[in-house]
Amino acid sequence: MSGSEIRVRIAPSPSGYLHVGTARTAIFNWLFARHYGGKFIVRIEDTDETRSDARLVQPILDALKWLGVDWDEGPYFQSERMARYKPYVARLLESGNAYRCFCTPSELEAEREKAMKEKRPPRYNRNCLHLSQEEIDRKLSQNAPFGVRLKIPDGATTYDDLILGPITRDNNEIEDLVIARGDGTPLYNMAVVVDDHEMGITHVIRGNDHVSNTFKQIHIYRALGIEPPKFGHVPLILRPDRKKVSKRLGDKDVAEYGHEGILPEALFNFLCLLGWSPKDDREFLRREELIRIFALENVNPANPIFNEEKLLALNKEYIKDTPDYKLAEMVAPMVVAAGYTTKYWLETRWLYLLKIVGLLKERSRRMTDFVSLSEYFFHGEFSYEPEAADKQLIVANLPYLKGLMTRFEGISDFSKENLEAALNGLAEEMKVKKGQIIHPARLAISGISVGPGLYDILETLGKAEVIMRLERSIKYVEKKEGRNNG
Ligand code: GLU
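Each value, and the rule that gives it
Residues numbered from 1 in each chain as written. Predicted model: local features only at pLDDT ≥ 70, side-chain atom pairs only at ≥ 80, totals over all residues. Heavy atoms only, no water. Helix = DSSP H or I, 4+ residues; strand = E, 2+ residues; numbered from the N terminus. Rg over C-alpha atoms; globule rule 2.2 N^0.38 Å. Contact = heavy atoms within 4.5 Å. Areas by Shrake-Rupley, 256 points an atom, 1.4 Å probe, with all protein chains shown as cover. Lys, Arg positive; Asp, Glu negative; His and termini not counted. Charge placed at Lys NZ, Arg CZ, Asp CG, Glu CD. Buried < 20%, exposed > 50% of the residue type's maximum accessible area, 1.4 Å probe, protein only. Pairing = 2+ DSSP bridges. Axes fitted to C-alpha atoms, helices over the stretch in contact; angles between N-to-C directions. Core = buried A, V, L, I, M, F, W, Y, C linked by side-chain atoms within 4.5 Å. Phe/Tyr/Trp six-rings, centres within 6.5 Å; stacked < 30°, edge-to-face > 60°. Lys NZ or Arg CZ within 6 Å of the ring centre and 35° of its normal. Near = heavy atom within 4 Å. Polar contact = N/O pair within 3.5 Å; in protein donor to acceptor, adjacent residues only side chain to side chain. 1 Å grid on protein atoms, 1.4 Å probe; cavity = no way out; pocket = protein on both sides within 12 Å on 5 of 7 lines; lining within 4 Å. Sits in = over half its atoms within 2 Å of the grid points. Parallel < 35°, antiparallel > 145°, perpendicular 65-115°, else oblique. Left-handed = near helix turned anticlockwise from the far one by under 90°. Nonpolar A, V, L, I, M, F, W, Y, C, P; charged D, E, K, R; others polar.

Asks: Before we move on, can you summarise the overall build of the protein chain with the specific residues and values?
Replies: Scanning the protein chain for helices and strands turns up 22 helices and ten strands. Computed over its C-alpha atoms, the radius of gyration of the protein chain comes to 33 Å, more than 25% above the 23 Å expected for a compact globule of 486 residues. Dimensions along the principal axes, computed over C-alpha positions, put the protein chain at roughly 110 × 55 × 40 Å. Partitioning the contacts of the protein chain with sequence separation of at least 6, the portion at a separation of at least 24 is 76%. Carbon and sulfur atoms make up 50% of the accessible area of the protein chain, which amounts to about 24000 Å² in all. Distance between charge centroids for the protein chain: 2 Å, based on 69 positive and 71 negative side chains.

Asks: Outline the side chain of serine 473, listing residues and values.
Replies: Following the sequence through the fold, serine 473 ends up in helix 22 (residues 463-485). On the basis of relative accessible area, serine 473 is assigned to the buried category, the value being 0%. With sequence-adjacent residues up to four places away left out, serine 473 is seen in contact with Tyr384, Leu393, Leu401 and Ala444.

Asks: Can you explain the sheet that holds strand 5 (residues 147-150)? Please cite residues and give values.
Replies: Sheet architecture is open: three strands sit in the order 4-5-8, paired in antiparallel fashion. Every other strand in the sheet has two partners, leaving strand 4 (98-101) and strand 8 (178-181) as the edge strands with one partner each. Each strand of the sheet is rotated relative to its neighbour by a mean of 30 degrees, with strand direction disregarded. Both strand 5 and strand 8 contribute to a ladder of three bridges, which runs antiparallel. Bridged to valine 148 within strand 8 is alanine 180.

Asks: Which residues make up the nonpolar core, and what are the values?
Replies: Ranked by internal contacts, the top residues of the largest apolar core, which has 106 residues, are Phe40 and Phe408. The element that contributes the greatest number of residues to this core is helix 1 (residues 20-36), accounting for nine residues. One finds Tyr124, Leu129, Val148 and Ile226 within the second-largest nonpolar core, a separate group that totals 41 residues.

Asks: Can you lay out the packing of aromatic side chains for me, pointing to particular residues and giving the numbers?
Replies: In this structure the tally under the stated criterion is 17 aromatic pairs. Here the aromatic rings of phenylalanine 382 and tyrosine 384 are separated by 5.9 Å at their centres, their planes lie at 80 degrees, and the arrangement is edge-to-face. You'll find phenylalanine 382 and tyrosine 384 in the same group, each marked buried. If you follow arginine 149 out to its NZ or CZ, it ends over the ring of tyrosine 124, 3.7 Å from the centre. One cation-aromatic arrangement involves arginine 287 over phenylalanine 268; the distance from NZ or CZ to the ring centre is 4.0 Å.

Asks: Which residues make up the site of the ligand, and what values do they have?
Replies: Neighbouring residues of the ligand: Arg9, Ala11, Ser13, Glu45, Tyr188, Arg206 and His210. A distance of 2.6 Å separates a nitrogen atom of the ligand from a polar side-chain atom of glutamate 45. Note that an oxygen atom of the ligand is positioned 2.9 Å from one of the side-chain N or O atoms of histidine 210. With the chains in place, 81% of the 300 Å² that the ligand exposes on its own is no longer accessible. Among the cavities detected, the one that contains the ligand is the largest pocket.

Asks: For the sheet that holds strand 2 (residues 39-44), give the residues involved together with the corresponding values.
Replies: The parallel open sheet is built from three strands, whose spatial order is 1-2-3. Taken across any chain shown, the strands that pair with only one partner, and hence form the sheet edges, are strand 1 (7-10) and strand 3 (73-77). Within the sheet, the average angular offset between the axes of one strand and its neighbour, ignoring direction, is 25 degrees. Sheet analysis places strand 1 next to strand 2, joined by four bridges and oriented parallel.

Asks: Lay out the packing of helix 19 (residues 416-430) against helix 21 (residues 454-461) with the relevant residues and their values.
Replies: Where helix 19 contacts helix 21, the two axes come as close as 9 Å, and the packing angle between them is 120 degrees. Here helix 19 is positioned oblique relative to helix 21, judged by the angle of their axes. Here helix 19 and helix 21 pass one another in a crossing that is right-handed. Along the contact surface, helix 19 presents Lys416, Leu419, Glu420, Leu423 and Asn424, while helix 21 presents Leu454, Tyr455, Asp456, Leu458 and Glu459. When its residues are assigned to classes, the contact of helix 19 with helix 21 shows five nonpolar, one polar and four charged.

Next up, the structure:
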């Protein structure tokens, strides 16, 4: 590692899936590293055994990969580093910056309740700060359980946050926190400090819910005589109801967005705009451009609101921006999973799929729209949209459907231009407006009243299929009429 190299990290705890908040923080760190040619590291903070679930590690890593957030080092696991923290704890005990606390949980609880009653902030009363060496030795020889507490000095502490600016806290707002258990295993803040130090982290960029931890960590750094990294606290993402995005409130796992048809590039771009902006009104910003222009100075400390409509609008842009062949590759397994067709059928019909994708591209806000909008391209056994059928598939329209069928049968080159000319000719002959024919025809062909241009659909389906569908609709009207009259 060179002296000036930027090294940042994302440190998820495997207590849940990767949610948008952590993903966005990962993206900011990643962009910062890529912008400066530095390193981005993944560290799994799994020291809290009761809250960590090893099965969640892979989904978290997969979600980062899916977003295109690749890492240069790691994943490191805190649980595999346990032996490394002990010397630091020992150092703090030796230097007198930390002390053993033998208070029992019930003593601490009673103390806490007393403080609450007296309306004092509950802080550790430093009962064990001045134990004599004999007392300590006696308790140790009795195997009395203890924790190691950091002695917070008097005074005030200031640090210059890269995003929030200078922040000062009175040290007496912080109690002598427990940094390790009796066996030397670290608690959260201690582990973070040692890891960030040993991993050469130069900039800690994380959610602003960690500001109070930052002060605790600065005290640990100082007690160890280590220069702290720079800290920058990014705003938290709020839901439209202004509550903080959280798993508890049912907020989605990042992978879920993929299942719902969001492209990773779109989510990446969207998450970047939550709390950061290029300081002009551009929103569609590709990854390469974001790497070029990303700057921590442009992070806005105000907590941004997650606006799903905006995500969908961006997703639509990204869909439009993706070449048809790539979209087709993604859509193929989806239409197979939907049961519209099989893998084998598609194998010889790539051009057909490409055409469908091209036609639906402008209308899709989610990748899943390609599925919900395309069923009629794969089979003709659809049911007609009921309301539209009541209006369009009626006896009065039979002459148009029949007339179209006859004219279409006569076309050998089933091209858009020829189809349009045929329909126009029929409208003229029957002295009706084109729409009069287009609406029932669209329903007969696709079963729904919206979609791509009629001639595009007809050309794509091809003559045989179109004739069959017109016939089917004619029979449908005749049968319905028969029933109505009978
Ligand atoms: N494990 C912490 C979290 O998931 C990370 C804190 C940090 O980045 O230092 O919130």
